[in-house]
Amino acid sequence: MKIFIPGGSGLVGLNLIAKLLESNPNWELTVVDKKSEAVNIAKLIFPSVKFIVEDLCLVKNQKWPKVALSSDACVMLQAEIGNKDKSMFYKNNIESTENILNVIQHNKGIRLIHVSSSVVNSISNDEYTRTKREQERLVLSKFKDQIVLRPTLMFGWFDRKHMGWLALFMKKMPIFPIPGNGNFIRQPLYVNDFCEIIKSCLEDKYISGTFNISGLEKITYSSLMKNLRNACGARCLLINIPIPVFSFLLKIWSFISKKPAFTNSQLMALIGGDEFEVINWPKIFKIKSTKISNALIETHQNKQYSKVIFPF
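Here we summarise the structure given alongside this text. Predicted, not measured: the structure shown is a model, and the values here were computed from it.

**Things to note about the environment of P177**
Line of reasoning, step 1. Among the secondary structure elements, P177 is positioned in strand β8 (residues 175-179).
Line of reasoning, step 2. Separated by 65 residues in sequence, P177 and P242 have C-alpha atoms that sit 9.7 Å apart.
Line of reasoning, step 3. The residues contacting P177, other than those within four sequence positions of it, are F169, I239, I241 and F246.

**A closer look at the packing of aromatic side chains**
Line of reasoning, step 1. Scanning the model with the defined rule gives 10 aromatic pairs in all.
Line of reasoning, step 2. Aromatic rings pair up to connect F46, W157, F158 and Y305 into one cluster.

**A word on the pattern of salt bridges**
Line of reasoning, step 1. A complete count under the given rule lists 7 salt bridges for this structure.
Line of reasoning, step 2. Across the pair R130 and E127 runs a salt bridge whose closest N-O atoms are separated by 2.6 Å. With a gap of 3 residues between them, R130 and E127 both fall in helix α5 (residues 127-142), about one helical turn apart.
Line of reasoning, step 3. Among the residues examined, E127 registers a relative accessible area of 23% and is labelled partly exposed.
Line of reasoning, step 4. When the shortest N-O distance is used, the salt bridge between E136 and R150 registers 2.5 Å.

**Quick look at the sheet that holds strand β6 (residues 147-151)**
Line of reasoning, step 1. Taken together, 7 strands build an open sheet; the order of strands is β3-β2-β1-β4-β5-β6-β11 and the sheet is parallel. Only two strands of the sheet have a single neighbouring strand rather than two, namely β3 (50-53) and β11 (209-213). Recorded for the sheet is a direction-independent mean angle of 15° between the axes of neighbouring strands.
Line of reasoning, step 2. Relative to β11, β6 is paired through 5 bridges, and the arrangement is parallel. Note that in β11 the partner of R150 across the bridge is N212.
Line of reasoning, step 3. Together, β2 (28-33) and β3 form the strand contacts of helix α2 (residues 36-45), whose direction differs from that of β3 by roughly 165°.
Line of reasoning, step 4. The strands touched by α5 are β4 (73-76), β5 (111-115), β6 and β11; relative to β5, the strand with the most contacts, the crossing angle is about 165°.

Conventions adopted
- Residues numbered from 1 in each chain as written.
- Predicted model: local features only at pLDDT ≥ 70, side-chain atom pairs only at ≥ 80, totals over all residues.
- Heavy atoms only, no water.
- Helix = DSSP H or I, 4+ residues; strand = E, 2+ residues; numbered from the N terminus.
- Contact = heavy atoms within 4.5 Å.
- Phe/Tyr/Trp six-rings, centres within 6.5 Å; stacked < 30°, edge-to-face > 60°.
- Salt bridge = Lys/Arg side-chain N within 4 Å of Asp/Glu carboxyl O.
- Buried < 20%, exposed > 50% of the residue type's maximum accessible area, 1.4 Å probe, protein only.
- Pairing = 2+ DSSP bridges.
- Axes fitted to C-alpha atoms, helices over the stretch in contact; angles between N-to-C directions.

See the structure below:
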């Protein structure tokens, strides 16, 4: 099988490569991503995979359209998650998607798996949420028999944002701040489980439709951070900070950092109180789920991949 993976040098893409190479070493995987630093590291880890450094917002004189037209499946992963430049959300979530769909519509036999997000059902209304909703709408309106997966916040190997960044912060700093009382419900999803779902979708041609893929365990943010601290071997002290103060510190940080790993809009999403539908995805996709505590240990104590750090 030839698989085209746009945006494949991120968390899901890299874990998916590891999963597919392990189970189907003869499959041909081609990743297209504009993040050259991440791609250069990924090439060293996965030398059998073809990587193309190109911007999916460009079509003319690019190599990726030819790859897309000759592929059996497309796992659409490209997305802008956090950026101070708001125009990048439209560019990387909408414009790139329109280009990919316009190309693969000419490949009549291709199987499309679109990785959307649980935020399409969220009460949030930031740039990420709005553009992810529009991205999913485009996929549903322009492509038939597609598979749309809506995962909650994911964690796992090669995570340079979210919980991966938090783990690095924990190990470097003596104090780790928790916004408010920290009792916000989280439903984190182990990316390895999610990649098993994608693999099932690639192998089983009868799977189609839209699926809300939420973490099966509901856990408070404070408890999640305690589990993360234990798994990564950090010794920091967890302290609660009033939300207005936390928000103010994030604003200061956004002026200092060009690419802040945690923004005010993400803080608002954290404390917003979203709880997402839980379906029996282990049964639907015929896989086993991993407990959060075990998944965190696998993430941070795996001898092969846990020490690999990608640039933010």
